[in-house]
Amino acid sequence: MTSLNSHGIRFAFGTLTVLPVRVSRWDRGAARAGMLCAPLAGLVVGLLAAGSGVLLLLAGSGALPAAVASAALPAVLTRGLHLDGLADTADGLGSARPAEDALRIMKQSDIGPFGVITLLFVLLAQVAALSELYGRGWAYGALGTVTAAVVARLALTLAARRGVPPARPEGLGAAVAGTVALRTATAVACVVLAGCAGAGALLGGHGAVHHALAALAGLGAAHLMLRHCVRRFGGVTGDVFGALEETAATVTLVALVLG
């Protein structure tokens, strides 16, 4: 079990970040452990992104540059993998083609108009929400950045649960689809939600409830996206996982600004 956990951590960081981690196992067991460790990878990415924003803010840059840094660094740390998946998924969904044709469109290297428009508005929403949070204080911006990053990767854990089929027989989506038991995914979700509430409590007032509800909003949006993609494509792909991650992160940030 200890060895499998180690391979799971390697799988999570090796597939979800650009950090120098060598993935030594690609079997279903390592994929399952990796998806369970996905929120941990999100925590590291979130802390690094929050650190960049806080440093700029404390240096006197203002809320907007800090927000841009906190939105840009996760893209750098993932080689834009999730943003690329979001754009490809938007092109596939927007094509209104049958599932087979839509999947072929998603595999093309170029980005179509639906993907460009989706990327534009998603990044604008993330920067705008982070700017508002940093405008309230560095702690609000930092905790919001970390919360969104962890919730975004938790969405991947939940999407890898059993009963969610792959759309293709190959690729990352096929490797991780259906590997996580629903009970285990639920347990991980409860731990992450408790952590989000604990982080929010540091802000005082209704911070714990606010952060927990924002996390639930992000997961709910990702779930709706997942259901739509499964109906549309017949299952999940690596691109769909990227779209789920960005959807959860964006909705979580917007929810943190509200209320």
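This report concerns the structure included in the present document. (Residues numbered from 1 in each chain as written. Predicted model: local features only at pLDDT ≥ 70, side-chain atom pairs only at ≥ 80, totals over all residues. Heavy atoms only, no water.)

## Describing the overall build of the protein
Right, so step 1: What the protein contains, in helices and strands, is twelve helices and zero strands.
Right, so step 2: For the protein, the N- to C-terminal ordering of α and β elements is α-α-α-α-α-α-α-α-α-α-α-α.
Right, so step 3: Oriented by its inertia axes, the alpha-carbon framework of the protein measures out at about 50 × 45 × 35 Å.
Right, so step 4: A burial count over the protein gives 52% of its 259 residues as buried. (Helix = DSSP H or I, 4+ residues; strand = E, 2+ residues; numbered from the N terminus. Buried < 20%, exposed > 50% of the residue type's maximum accessible area, 1.4 Å probe, protein only.)

## Side note on the side chain of R153
Right, so step 1: Within the secondary structure, R153 is located in helix α8 (residues 138-159).
Right, so step 2: Judged by relative accessible area, R153 falls into the buried class, the value being 3%.
Right, so step 3: When residues no more than four places from it in sequence are discounted, the contact partners of R153 are L16, A38, P39, G42, V45, T78, H82 and E245. (Contact = heavy atoms within 4.5 Å.)

## Details of unusual backbone geometry
Right, so step 1: Here R79, not a glycine, exhibits a phi torsion of approximately 55°, which is positive.
Right, so step 2: Its location among the elements puts R79 in the loop between α4 (63-77) and α5 (81-94).
Right, so step 3: For A96, which is not glycine, the phi torsion reads 60° and is therefore positive.
Right, so step 4: In this structure A96 comes out as exposed when scored by relative accessible area, which is 67%.

## Description of helix α6 (residues 99-107)
Right, so step 1: Three or more residues of α6 are buried, namely A102, L103, I105 and M106. Within α6, the buried residues cover an arc of 155° as seen down the axis, which keeps them to one side. Summarising the geometry of α6, the exposed residues directed more than 90 degrees from the buried face are E100 and K107.
Right, so step 2: Of the surrounding elements, those touching the buried residues of α6 are α5, α11 (207-233) and α12 (238-257). (Arc of directions from axis to C-beta.)

## A few points about the pattern of salt bridges
Right, so step 1: Within the structure shown, the criterion is met by three salt bridges.
Right, so step 2: A salt bridge links R104 to D101; its shortest N-O distance comes to 2.9 Å. In this pair, R104 and D101 both sit in helix α6, three residues apart, roughly one turn of the helix.
Right, so step 3: Assessed through its relative accessible area of 46%, R104 is described here as partly exposed.
Right, so step 4: R136 serves as the salt-bridge partner of E132, at 3.4 Å between the closest nitrogen and oxygen. Separated by four residues within a single helix, E132 and R136 lie in helix α7 (residues 113-136), roughly one turn from each other.
Right, so step 5: Take E132: its relative accessible area is 38%, and that puts it in the partly exposed class.
Right, so step 6: We classify R136 as partly exposed; its relative accessible area is 34%. (Salt bridge = Lys/Arg side-chain N within 4 Å of Asp/Glu carboxyl O.)

## What to know about the nonpolar core
Right, so step 1: Judged by nonpolar contacts, the single largest core of 58 residues is most densely connected at F11, Y134, F233, V236, V240 and F241.
Right, so step 2: Top contributing element to this core by residue count: α8, with ten residues.
Right, so step 3: For F11, the residues in contact, after removing those within four places along its chain, are V23, R25, W26, A30, A31, G34, M35, L172 and V176. (Core = buried A, V, L, I, M, F, W, Y, C linked by side-chain atoms within 4.5 Å.)

Shape descriptors only; they carry no functional weight alone.
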